[in-house]
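Descriptive analysis of the structure
The residues making up each chain are set out below.
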Amino acid sequence: EAEVAQSPRYKITEKSQAVAFWCDPISGHATLYWYRQILGQGPELLVQFQDESVVDDSQLPKDRFSAERLKGVDSTLKIQPAELGDSAMYLCASRRGGMETQYFGPGTRLLVL
Amino acid sequence: GQQLNQSPQSMFIQEGEDVSMNCTSSSIFNTWLWYKQDPGEGPVLLIALYKAGELTSNGRLTAQFGITRKDSFLNISASIPSDVGIYFCAGLGGYQKVTFGIGTKLQVIP
């Protein structure tokens, strides 16, 4: 069964450093999402891509976060510089066109010291 | 960002008991989704609901799309230890935007 792949699974960094997360959606899924999940809360959308285009990045802190999906397949989410409050689980999800259901990857757990 | 209200926020039940949880919103949604998340993992889709009033089952799970389109319910029958986890509802609105609930943490006592 096809799955959304994410790496790394865990990342520890010091504040002010740069971090990057990678996501490979299920093959054929045109829509890709990045979510941030703080412990004890539900996922919150950071950015949504349709193919290579950003559809919604209204909740993305653009002063330090950036996301790209250059070829409309895999995607990278970057934080520079990382802050203590960025410690969270970063989840990637994908969805096939015409279908409502999103499928999530295992997430990257980030700890900023 | 906005998060939907889920209740209860946590519950302890005895193995074999039935479980009910619900999700409410101030906004109307076109689709309701229910996910389960195990510690350190991403959410896994359990049930998707597409029409107001729809009742859908998946094994021991049953979910309903409220007729007002502002709420949804999830029931788990005859709970087992592997049902432990956090259950999230999610509403899908305009432009395919998904809003998640705050989660219901379920603990099953063997």
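Look above for the structure.
Residues numbered from 1 in each chain as written. Chains lettered and ligands numbered in written order. Predicted model: local features only at pLDDT ≥ 70, side-chain atom pairs only at ≥ 80, totals over all residues. Heavy atoms only, no water.

Attention shifts here to the environment of B:Lys70. Residue and element names in this part refer to chain B. Examined against the element boundaries, Lys70 turns out to sit in the loop between strand 7 (61–65) and strand 8 (71–76). Residue Lys70 is classed as partly exposed on the basis of its relative accessible area, which comes to 34%. Lys70 has contacts with Cys23, Thr24, Ser25, Ser26, Ser27, Ile28 and Trp32, leaving out every residue within four places of it along the chain. (Helix = DSSP H or I, 4+ residues; strand = E, 2+ residues; numbered from the N terminus. Buried < 20%, exposed > 50% of the residue type's maximum accessible area, 1.4 Å probe, protein only. Contact = heavy atoms within 4.5 Å.)

As enumerated under the stated definition, the model contains 9 aromatic pairs over all chains in all. Arranged with centres 6.0 Å apart and planes meeting at 25 degrees, the rings of A:Tyr33 and A:Tyr35 form a pair that is stacked. When the ring of A:Tyr35 is compared with that of B:Phe100, the centres are 5.5 Å apart and the planes differ by 85 degrees; the resulting orientation is edge-to-face. Here A:Tyr35, found in strand 4 (residues 31–37), pairs with B:Phe100, found in strand 10 (residues 98–100), and the two come from separate chains. By relative accessible area, B:Phe100 is classed as buried at 1%. Here the aromatic residues A:Tyr33, A:Tyr35, A:Phe104, B:Tyr35 and B:Phe100 are joined through ring pairs into a cluster of three or more. (Phe/Tyr/Trp six-rings, centres within 6.5 Å; stacked < 30°, edge-to-face > 60°.)

Now for the pairing of strand 5 (residues 44–50) of chain A. All names here are of chain A. Burial within strand 5 is extensive, with 5 of its 7 residues counted as buried. The pairing of strand 4 with strand 5 spans 6 bridges and is antiparallel. The residue of strand 5 that forms the bridge with Tyr35 is Leu45. Hairpin remark: strand 4 followed by strand 5, antiparallel, with 6 residues in the connecting loop; positive phi at Gly40, about 90 degrees. Adjacent in sequence and paired antiparallel, strand 5 and strand 6 (residues 53–56) are bridged by 2 residues, among which Asp51 carries a positive phi angle near 55 degrees. (Pairing = 2+ DSSP bridges.)

Before going further, it helps to examine the side chain of A:Thr108. Residue and element names in this part refer to chain A. Topologically, Thr108 is positioned in strand 11 (residues 108–112). Residue class for Thr108 comes out buried when judged on its relative accessible area of 0%. A polar contact of 2.5 Å, which involves the side chain of Thr108, links it to the backbone oxygen of Pro8. Beyond its immediate chain neighbours, meaning those up to four positions away, Thr108 contacts Gln6, Ser7, Pro8, Arg9, Phe21, Ala88, Met89 and Tyr90. (Polar contact = N/O pair within 3.5 Å; in protein donor to acceptor, adjacent residues only side chain to side chain.)

Read these as spatial facts, not as claims about activity.
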